[in-house]
2 protein chains.
Amino acid sequence: MSHGSFYANAPRHLVAVDCIIFGFEDGKLKLLIIQRKVDPLEGAWSLVGGFVQEDESTDHAAIRVLRQTTGIRDIYMEQLRTYGDANRDTGARVISLAYYALIRISEHDRMLAQEHGAHWLNLHQIPGLIFDHNTMLNEALERLRDKAKFHPIGFELLPEKFSLPQLRNLYEEIYQRPLDKRNFRKKILAMDILEKLDEKDKSTSKKGAHLYRFDRKKYDALTQHGFVFEI
Amino acid sequence: MSHGSFYANAPRHLVAVDCIIFGFEDGKLKLLIIQRKVDPLEGAWSLVGGFVQEDESTDHAAIRVLRQTTGIRDIYMEQLRTYGDANRDTGARVISLAYYALIRISEHDRMLAQEHGAHWLNLHQIPGLIFDHNTMLNEALERLRDKAKFHPIGFELLPEKFSLPQLRNLYEEIYQRPLDKRNFRKKILAMDILEKLDEKDKSTSKKGAHLYRFDRKKYDALTQHGFVFEI
DNA sequence: TCAAAAGTGTTCAGCCTACACCCATGA
DNA sequence: TCATGGGTGTAGGCTGAACACTTTTGA
């Protein structure tokens, strides 16, 4: 092949991003999905997605799609992997990059989501999704579990101020198993990455639970000295 | 946007695969790289890569590219991640899926590789590569370390029959730190996933080291009962 | 006063780490 | 016989898991 035609002769593909958007509310992990607006499979449940534009980085495409649907920006987002089977999309050959995102539902624009036909569904109530989107979801969940075990990303799902019972509840949801109250508290506090506040959260008990805030500066400093977060 | 034009109006992209090909020989981790044959940057060092064809899955593209360059098939290969910056390739806008592969160098067709201008280089002697290929390499190494810690993929880099000193040497190369001889042996043998052979490898000592073979059936059976491999 | 969730310490077992000497054999 | 790498066991410290009662306070 001559040099000039190396790029010119190569086939071109539709490239999409699909977002697996996790949230945490009322003690449950949730997923934001929409009803598809185009054929084929119009009206079916789907992850939030869109095509990568010319001269737009794929990361930017994912951020843009998420912002357009939920109004949220500056959130935790990470590439999962790319789904490239030739027949995965029944409408055309589309290569799709899956990204997963962690959202603080409380800070999220519910109205905008509604306008786009988006809904927060409990993870246990997710219906059949189009194409390979259920596979994407399952792999995203697995990745979330792997990642959350050694990185402090759980905080991305909680409000800025949270209680220890709330935090424990989150990890119980992620890993689908009970965690010992005392051991959890001991482990987390021993890391010395939480700032204890004077406020209490009385929404779930009469006694009230102390609120904490994740101290990223402290975490970053510790990390530079070999500290490794682990749940 | 009307339904019919949903796919038709979307932009199309060049999509490539690039392979980070690891091998292990003479006690050292090695990487297979080639000298680029096309402009821009003709002659510069590059990962092995190629374009994804029409109606070809991206996984298949990676397998094909690797086979065409090295003659090897049926090897361990896994998607790393996709590099999608708009300007990452200076020749054109190309979205690239990186795959990393583990090869038994001894079973590999050196002649075919030579014909393609491919070379096995010691990991510590890798020159500057084109585009973002050094980033791909570094991320692949990190992934290899993460993956090898909890999955028995190290065996993919060794001959079918190997000694424990050889295996330990491999992990010392991967993690770049010495491993205690006795503790390593104890841990590996305790897993009960190796078959001890009657043969010895006398190439590195007069006493000779017993050869072992990875028993995948045993490993799979154990895994189903909750066993987790860990180095 | 009582119900309901928050908060608190200790013990035990298992695992990881550190560490030094004998063995087998070809040269 | 000797140099070289292969092979072996134990003791101490640390970490993770199990586990029950007291505190607070609004209703």
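Predicted model, so just to flag it, every value in this text is computed and none were measured. (Residues numbered from 1 in each chain as written. Chains lettered and ligands numbered in written order. Predicted model: local features only at pLDDT ≥ 70, side-chain atom pairs only at ≥ 80, totals over all residues. Heavy atoms only, no water.)

**Concerning the UniProt feature "domain: Nudix hydrolase" (unreviewed entry) in chain A**
Keep this limit in mind: UniProt positions are given in the numbering used here, feature names are shortened, and annotations may be inferred rather than shown by experiment. A run of H or I in DSSP becomes a helix once it reaches four residues, and a run of E becomes a strand once it reaches two; helices and strands are each numbered from the N terminus.
Following the UniProt record, the feature "domain: Nudix hydrolase" (unreviewed entry) maps to residues 11-145 of chain A here. A distance of 37 Å separates the end C-alpha atoms of residues 11-145 of chain A, which is 24% helix and 38% strand.

**Some remarks on the pairing of strand β1 (residues 12-25) of chain A**
What counts here: Burial classes follow relative accessibility: with a 1.4 Å probe on protein chains only, a residue under 20% of its type's maximum area counts as buried, one over 50% as exposed, and anything between as partly exposed. Strands qualify as paired when DSSP identifies two bridges or more between them.
Burial analysis of β1 of chain A places 12 of its 14 residues in the buried class, which makes it a mostly covered element. Across three bridges, β1 of chain A lies against strand β1 (residues 12-25) of chain B in antiparallel orientation. Along β1 of chain B, the bridge assignment pairs His 13 of chain A with His 13 of chain B. Where β1 of chain A lies against strand β6 (residues 94-103) of chain A, 10 bridges are found, and the strand directions are parallel.

**Details of a positive patch on the surface**
All names here are of chain A. Test applied: By definition, no residue in a patch forms a salt bridge, and every one has over 30% relative accessible area; like charges are joined within 9 Å, nonpolar side chains (Val, Leu, Ile, Met, Phe, Trp, Tyr) within 5 Å. For every accessible area listed, the method is Shrake-Rupley and the probe measures 1.4 Å; residues are considered covered only by the protein chains on display. Any carboxyl oxygen of Asp or Glu that lies within 4 Å of a side-chain nitrogen of Lys or Arg is treated as forming a salt bridge with it. Asp and Glu count as negative and Lys and Arg as positive, but His and the ends of the chain are not part of the count. Working definition for charges: the position is that of NZ of Lys, CZ of Arg, CG of Asp or CD of Glu.
Residues Lys 181, Arg 182, Arg 185, Lys 186, Lys 196, Lys 200, Lys 202 and Lys 207 make up a contiguous surface patch of positive charge. Of all elements in the fold, only α6 (181-191) and β9 (194-201) reach the threshold of two or more residues within the positive patch. Counting residues per element, the positive patch draws most heavily on α6, at four residues. Tracing the sequence through the fold places Lys 207 in the loop between β9 and β10 (209-214).

**Some details on the sheet that holds strand β10 (residues 209-214) of chain B**
Residues and elements named next belong to chain B. What counts, and what does not: Between N-to-C directions, angles cover 0 to 180 degrees, with each direction set by a line fitted to C-alpha atoms, over the stretch in contact for helices.
In spatial order, the strands read β8-β10-β9; together these three strands make up an open sheet with antiparallel pairing. Edge positions in the sheet fall to β8 (161-163) and β9 (194-201), since each has one partner strand and no second. Each strand axis lies, on average, 40 degrees off the axis of its neighbour in the sheet, ignoring direction. Judged from the three bridges that link them, β8 and β10 form a sheet pairing that is antiparallel. Across the sheet, Ser 163 pairs through a bridge with Leu 211, a residue of β10.

**A look at the protein's contact with DNA strand D**
Worth spelling out the cut-off: Here a residue is near a molecule or strand as soon as one of its heavy atoms is found within 4 Å of it. Each polar contact in these results corresponds to two N or O atoms within 3.5 Å; when the atoms are within protein, one needs to be able to donate a hydrogen and the other to accept it, and residues that are neighboring in sequence are counted only if both atoms are side-chain atoms. For this scheme, ten residues count as nonpolar: Ala, Val, Leu, Ile, Met, Phe, Trp, Tyr, Cys and Pro. Four count as charged, namely Asp, Glu, Lys and Arg, and the remainder, Gly too, count as polar.
With respect to spatial proximity, 18 residues lie near DNA strand D, and among them Lys 181, Arg 185, Lys 186, Lys 207 and His 210 of chain B are the closest. Taking the atoms of DNA strand D that fall within 4 Å of the protein, sugar and phosphate contribute 36% of them. Here a base oxygen of DNA strand D sits 2.6 Å away from a polar atom, N or O, in the side chain of Lys 181 of chain B. Broken down by secondary-structure element, the contributors of at least two residues to the surface near DNA strand D are α6 of chain A together with α6 (181-191) and β10 of chain B. By residue number, the principal contributor to the surface near DNA strand D is α6 of chain B, which donates four residues. When the residues that make up the surface near DNA strand D are grouped by side-chain class, the tally is two nonpolar, five polar and 11 charged.

**Looking at the interface of chain B and chain A**
Selection rule: In what follows, a contact means two residues having at least one pair of non-hydrogen atoms within 4.5 Å. Accessible area that two parts lose when put together, evaluated with a 1.4 Å probe and summed over both, is termed the buried area.
Facing 38 residues of chain B, the contacting portion of chain A comprises 38 residues. Each partner contributes to the roughly 3300 Å² buried at the junction of chain B and chain A, and carbon and sulfur atoms together form 60% of this total. At the junction of chain B with chain A, the criterion picks out 16 residue pairs in polar contact (both at pLDDT 80 or more). Broken down by secondary-structure element, the contributors of at least two residues to the side of chain B that touches chain A are α1 (5-8), β1, β5 (76-83) and β6 (94-103) of chain B. The biggest single contributor to the side of chain B that touches chain A is β1 of chain B, with four residues.

**Comments concerning the domain arrangement of chain A**
The extent of an interface is frequently quoted as the accessible surface area lost upon association of the parts. All names here are of chain A. As a reminder, the rule being used: Throughout the structure description, domain borders are defined by an automatic or database domain assignment.
Per the domain assignment, the segments of chain A are domain 1 (3-148) and domain 2 (154-225). The C-alpha centroid of domain 2 is placed 29 Å from the C-alpha centroid of domain 1. Each partner contributes residues to the interface: domain 1 has 14 residues there, and domain 2 has 14 residues. Summing both partners gives a buried area of about 1400 Å² for domain 1 against domain 2, and 57% of it is carried by carbon and sulfur.

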